[in-house]
Amino acid sequence: MSEIRHNWTKEEIIKIYNKPLMELLYEAATVHRLHHDPNVVQVSTLLSIKTGGCSEDCGYCPQAARYHTNIEGNDLMSVQQVKAQALRAKATGSSRVCMGAAWRNVKDGEEFNEVLEMVRTINKLDMEVCCTLGMITENQAKRLAEAGLYAYNHNLDSSEEYYKEVISTRGYQDRLDTIDNVRKTNVTVCSGGIIGMGENLEDRAGMLVALSTLNPQPESTPINALVAVEGTPLEDEKPVEIWDMIRMVAATRIVMPETQVRLSAGRTQMSKEGQAMCFFAGANSIFAGDKLLTTPNPDVNEDMKMFELLGLNTQKPFTKKVQPQTVEANDSQLEPLGEKPKWTRPEHTIERNEAAKEKAKTLK
Ligand code: SAM
Ligand code: DTB
Ligand code: SF4
């Protein structure tokens, strides 16, 4: 086994990223084989349980209320709807359901209670349950854990420096604090980011420093290629080159040998050959389902054909960690604390975010 290091530097990671491709692939594939079965890929199905109308200004996100994008917003789904979708996902080979909500942070109350019930329901279907609900407190993380949550997704998205160029309504430290809150429970951490937002290589390496120096490192790391959605501040960003995706996946695999590296948004732009190279470079998970949260994703049957072609098998649920136990709402030991956490609002000005907001006003 190669050792897990928590002291990677930006310079080292840039050097890795820039290696001749054949050497980079060989090194990443070697690390991959030492820590994982290279023929197994974990499949997560995304489910947007609450869509659009979000208060934040994330420059990449079609769900931010302040921009004018063409998405259909939805209030919180019912537990029954979620159960039906989870059963469909299970039938198509998915081991995990990842529920996303367009929230800045979780608020105690009826809606959070519903989400806890969704977690209980999916865990009882013997599938791994992941949530991505924005910032959460320690008590909220503990309540999710008690309901049977397996993973919490909360991305750092970029380097601390570039984060300020993309989002002004919360700070990087808020993200790190949420990850810390999750770490106070048995819930695993899923944290990664996006490439193709106009960041440079230093930022990509900076994000990998921030992720790999977490101790423990995240159990899973999504690498998203920006889906440039019309109306968002980043609508004009050029599509990520497959070579960048491969290099980013390989660098992630080398600095975080144990993490499940997830090939995330942007797969509709990638050929099967391109994706195969990403799997060779150490990706061992995908988001499946005909939609990500609001944007298209490859058809699940096409994904399964690709797996067959490549001789890849899907990972069974709870292969890496035992299934958490679900405590029923009535037996819960934990109370909502009704806290008012001091998540920050730096509110510095990001010109392109302001421009997209102004443009939206003229269109709405
Ligand atoms: N609201 C919660 C939050 O921001 O943490 C959870 C949902 S949010 C949509 C989850 C993640 O989706 C973001 O952190 C970002 O990495 C990713 N994402 C959002 N829009 C994207 C886009 N257009 N392209 C690629 N990834 C995107
Ligand atoms: C992650 O890193 N990527 C997923 C999931 N975590 C929640 C979301 C991708 C969203 C892409 C844009 C959309 O479909 O709205
Ligand atoms: Fe809201 Fe999350 Fe989208 Fe940001 S990324 S606008 S917090 S849904």
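Here, the structure is the one placed above.
So, how was this worked out
Residues numbered from 1 in each chain as written. Chains lettered and ligands numbered in written order. Predicted model: local features only at pLDDT ≥ 70, side-chain atom pairs only at ≥ 80, totals over all residues. Axes fitted to C-alpha atoms, helices over the stretch in contact; angles between N-to-C directions. Helix = DSSP H or I, 4+ residues; strand = E, 2+ residues; numbered from the N terminus. Parallel < 35°, antiparallel > 145°, perpendicular 65-115°, else oblique. Left-handed = near helix turned anticlockwise from the far one by under 90°. Contact = placed C-beta atoms within 7 Å. Nonpolar A, V, L, I, M, F, W, Y, C, P; charged D, E, K, R; others polar. Core = buried A, V, L, I, M, F, W, Y, C linked by C-beta atoms within 7 Å. Buried ≥ 20, exposed ≤ 12 C-beta atoms within 10 Å, placed from the backbone. Expected span 1.5 Å × (residues − 1). Near = placed C-beta within 6 Å.

Draft legend 1. Region of interest: the packing of helix H1 (residues 10-17) against helix H9 (residues 242-255). Between H1 and H9, the least distance of the axes is 9 Å, while the angle of their chain directions is 130°. Relative to H9, H1 is oriented oblique. Regarding H1 and H9, the two cross each other, and that crossing is right-handed. Residues Ile 13, Ile 16 and Tyr 17 of H1 form the contact with H9, whose participating residues are Arg 247, Ala 251, Ile 254 and Val 255. Of the residues in the contact of H1 with H9, the class split is 6 nonpolar, no polar and 1 charged.

Draft legend 2. Structural detail: the nonpolar core. One finds Val 97, Val 119, Leu 144, Leu 149, Tyr 152 and Val 249 to be the most contacted residues of the largest nonpolar core, which totals 98 residues. Counting residues per element, this core draws most heavily on H9, at 8 residues. Apart from residues lying up to four places away in sequence, Val 119 is in contact with Val 129, Cys 131, Leu 144, Ala 147, Gly 148 and Leu 149.

Draft legend 3. Inspection of the environment of Asn 353 at higher detail. Assignment of secondary structure puts Asn 353 in helix H12 (residues 351-363). With 119 residues separating them along the chain, Asn 353 and Leu 234 place their C-alpha atoms 8.5 Å apart. Sequence-distant contacts of Asn 353, that is, excluding residues within four places in its chain, are made with Asp 57, Gly 59, Ser 168 and Pro 233.

Draft legend 4. Up close: helix H8 (residues 201-212). The first and last C-alpha atoms of H8 sit 16 Å apart over 12 residues, in line with the 16 Å expected at 1.5 Å per residue. Those residues of H8 lying buried are Asp 203, Arg 204, Ala 205, Gly 206, Met 207, Leu 208, Ala 210, Leu 211 and Ser 212. Summarising the contacts, the buried residues of H8 are in contact with H1, helix H6 (160-163), strand S6 (193-195), strand S7 (220-225) and H9.

Draft legend 5. Representation of the site of ligand 2. Around ligand 2 lies a shell of 18 residues, among which Pro 222, Leu 292, Leu 293, Thr 294 and Thr 295 are the nearest. The set of elements that each furnish at least two residues to the shell around ligand 2 consists of strand S2 (96-101) and S7. Within the shell around ligand 2, the residues separate by chemical class into 9 nonpolar, 9 polar and no charged.

Draft legend 6. Representation of the packing of helix H10 (residues 272-280) against helix H11 (residues 300-310) within the structure. Direction vectors running N to C along H10 and H11 enclose 60°, while the axes themselves pass 11 Å from each other. Relative to H11, H10 is oriented oblique. Crossing hand, H10 versus H11: right-handed. For the pair formed by H10 and H11, the contact residues are Lys 272, Gln 275, Ala 276 and Phe 279 on the first element and Met 306, Leu 309 and Leu 310 on the second. Residue classes in the contact of H10 with H11 are distributed as 5 nonpolar, 1 polar and 1 charged.

Draft legend 7. Summary view of the site of ligand 1. Taken together, 17 residues are adjacent to ligand 1, and Thr 132, Asn 155, Asn 224, Val 227 and Ala 265 come closest. The residue inventory of the shell around ligand 1, partitioned by class, reads 10 nonpolar, 6 polar and 1 charged.

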